[in-house]
Amino acid sequence: LARLVLGGMFVYLGALKLGAPFEFLKGIRLYKVIPDEPPILLNSIGIILPWLEILCGAALILGTRIRAAAVLMALMLAVFTPMILRRGLEIRAEKGISFFKVAFDCGCGTGVVETWKKLLENTGLFVLAIYTTTSRARRFGEVRAVLKADAVSKPTITAKADSVAERPIAAK
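Since this is a predicted model, take the numbers as computed values, not measurements.

Packed helix pairs are characterised by how far apart their axes lie and by the angle those axes make with each other. In contact at an axis separation of 8 Å, helix 3 (residues 39-62) and helix 4 (residues 66-95) are set at 140° when each is read in the N-to-C sense. In terms of axis orientation, helix 3 runs oblique to helix 4. Handedness of the helix 3/helix 4 crossing: left-handed. Contacts between helix 3 and helix 4 pair Leu49, Leu52, Glu53, Cys56, Gly57, Ala59 and Leu60 from the former with Ile66, Ala69, Ala70, Leu72, Met73, Met76 and Phe80 from the latter. Residues of the contact of helix 3 with helix 4, tallied by class, amount to twelve nonpolar, one polar and one charged.

Put into structure tokens, the structure is as follows:
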């Protein structure tokens, strides 16, 4: 379930960014992390990042390269989340308002969001990415195998009919 939620979110957000590439590029520039010169660098990130999000999300949904996709997602979230926090704190200082009232377009594709809600969302996604990275279940079919392996490893007591008298009588 964690895999599907995380994968679905990344496919959705990546697709939103692809649908509005210029707004996404403007959002990236607001963070002042990537230099404007040479423009190829900023443009490349604007093109590659949404596709990377979609690819990682699809990998999780389809059950292929799960660990690699989840690690990449965790790394992206580990970069994006502090940037959102920093930008939110800058806006709070500029406007002199409560941090909980700071809202801006973080470049995630969803438009203007309240910073604290986006930070909670990203933290939740980060936890899901770490969980998915460390989970033993790899694919849908393997989930059952992992559950069965857990059941087999736990000793169970079963009653066994040892004598003929304890066996059920078959109808003739």
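Having put the structure on the table, let's press on.
Bringing the pattern of salt bridges into the picture now. Counted by the stated rule, this structure contains five salt bridges. Residue Arg87 is joined to Glu90 by a salt bridge in which the shortest nitrogen-to-oxygen separation is 3.3 Å. Here Arg87 and its partner Glu90 are both found in helix 4, three residues apart, which amounts to about one turn of the helix. In this structure, Glu114 and Lys117 form a salt bridge, with 3.8 Å as the shortest nitrogen-oxygen distance. Taking the relative accessible area as the measure of exposure, Glu114 reaches 31% and is therefore partly exposed. Through salt bridges with shared partners, one network takes in Arg86, Arg87 and Glu90.

Its 18 residues give helix 1 (residues 2-19) an end-to-end C-alpha distance of 26 Å, which sits within 8% of 26 Å, the value for a rise of 1.5 Å per residue. Within helix 1, burial applies to Ala2, Arg3, Leu6, Gly7, Phe10, Leu13, Gly14 and Lys17. The arc that holds the buried residues of helix 1, viewed along the axis, is 140°, so those residues lie on one side.

Position of Ile84 relative to the elements: it lies in helix 4. Under the relative-accessibility criterion, Ile84 is labelled buried at 2%. Excluding residues that lie within four positions of it along the chain, Ile84 makes contacts with Tyr31, Phe104, Cys106, Cys108, Thr115, Lys118, Leu119 and Asn122.

Criteria and thresholds
- Residues numbered from 1 in each chain as written.
- Predicted model: local features only at pLDDT ≥ 70, side-chain atom pairs only at ≥ 80, totals over all residues.
- Heavy atoms only, no water.
- Axes fitted to C-alpha atoms, helices over the stretch in contact; angles between N-to-C directions.
- Helix = DSSP H or I, 4+ residues; strand = E, 2+ residues; numbered from the N terminus.
- Parallel < 35°, antiparallel > 145°, perpendicular 65-115°, else oblique.
- Left-handed = near helix turned anticlockwise from the far one by under 90°.
- Contact = heavy atoms within 4.5 Å.
- Nonpolar A, V, L, I, M, F, W, Y, C, P; charged D, E, K, R; others polar.
- Salt bridge = Lys/Arg side-chain N within 4 Å of Asp/Glu carboxyl O.
- Buried < 20%, exposed > 50% of the residue type's maximum accessible area, 1.4 Å probe, protein only.
- Expected span 1.5 Å × (residues − 1).
- Arc of directions from axis to C-beta.

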